Amino acid sequence: MDDSKRSSSPEGSVDPSLVSDEGKNVKSVLCQRCSSKVLCPGMAVFAEKELFLPSMRKKTSIGQSDGTLDGDTLTAHWLVDDMYTFENVGFTKDVGKVKYLICADCEIGPIGWHCLDDKKSFYVALDRVNHE
């Protein structure tokens, strides 16, 4: 894991009320669609890393027929180092060397990203979840 991508103080347009002085999530992280809890407070570290996530869709419709993929390049993420830290998350099948994180209840996603080469880095995009 590249420690230079970690940040203990959020920068840019990140709401400072979401990040503690230690750089952890202050609030619960919830699915935007069904409000299932993805992470409990204090379980993830704020990290800035540029990652491409495909557009949010139900799992059965992620692929496109024309071969292109709509999505967003996002930089603000919650970083978790153990998949068992999550309260409620699912994983897509491998897409190259990546597995995308989805809500395990409603299967909306991707809400995050995991590279199979790095067993200790699971990223959840702040823009793809709610905080409460």
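Residues numbered from 1 in each chain as written. Predicted model: local features only at pLDDT ≥ 70, side-chain atom pairs only at ≥ 80, totals over all residues. Heavy atoms only, no water.

Engineer: I keep staring at unusual backbone geometry and nothing clicks. Help me out?
Structural biologist: Negative phi is the rule for most residues except glycine; trans is the rule for most peptide bonds. The linkage connecting Gly 109 with the following residue, Pro 110, adopts the cis geometry, with an omega of 5°. For Pro 110, the position within the fold is in the loop between strand S8 (108–109) and strand S9 (112–115). Its identity as a non-glycine residue notwithstanding, Ser 35 has a phi of 65°, on the positive side. A relative accessible area of 47% means that Ser 35 is categorised as partly exposed. At Glu 107, a residue that is not glycine, the phi angle is positive and equals roughly 65°. (Helix = DSSP H or I, 4+ residues; strand = E, 2+ residues; numbered from the N terminus. Buried < 20%, exposed > 50% of the residue type's maximum accessible area, 1.4 Å probe, protein only.)

Engineer: What's the story with the nonpolar core in this structure? I'm lost.
Structural biologist: The nonpolar side chains of a soluble globular protein tend to be buried with one another. Residues Val 29, Leu 39, Phe 46, Trp 78, Phe 86, Val 124 and Leu 126 are the most contacted members of the largest nonpolar core, which totals 19 residues. Secondary structure elements with two or more residues in this core: strand S2 (37–39), strand S5 (71–80) and strand S10 (122–125). In terms of residue count, the dominant contributor to this core is S5 (three residues). Core analysis: the next-biggest nonpolar cluster, separate from the first, contains 11 residues, Ala 47, Cys 115, Tyr 123 and Ala 125 among them. (Core = buried A, V, L, I, M, F, W, Y, C linked by side-chain atoms within 4.5 Å.)

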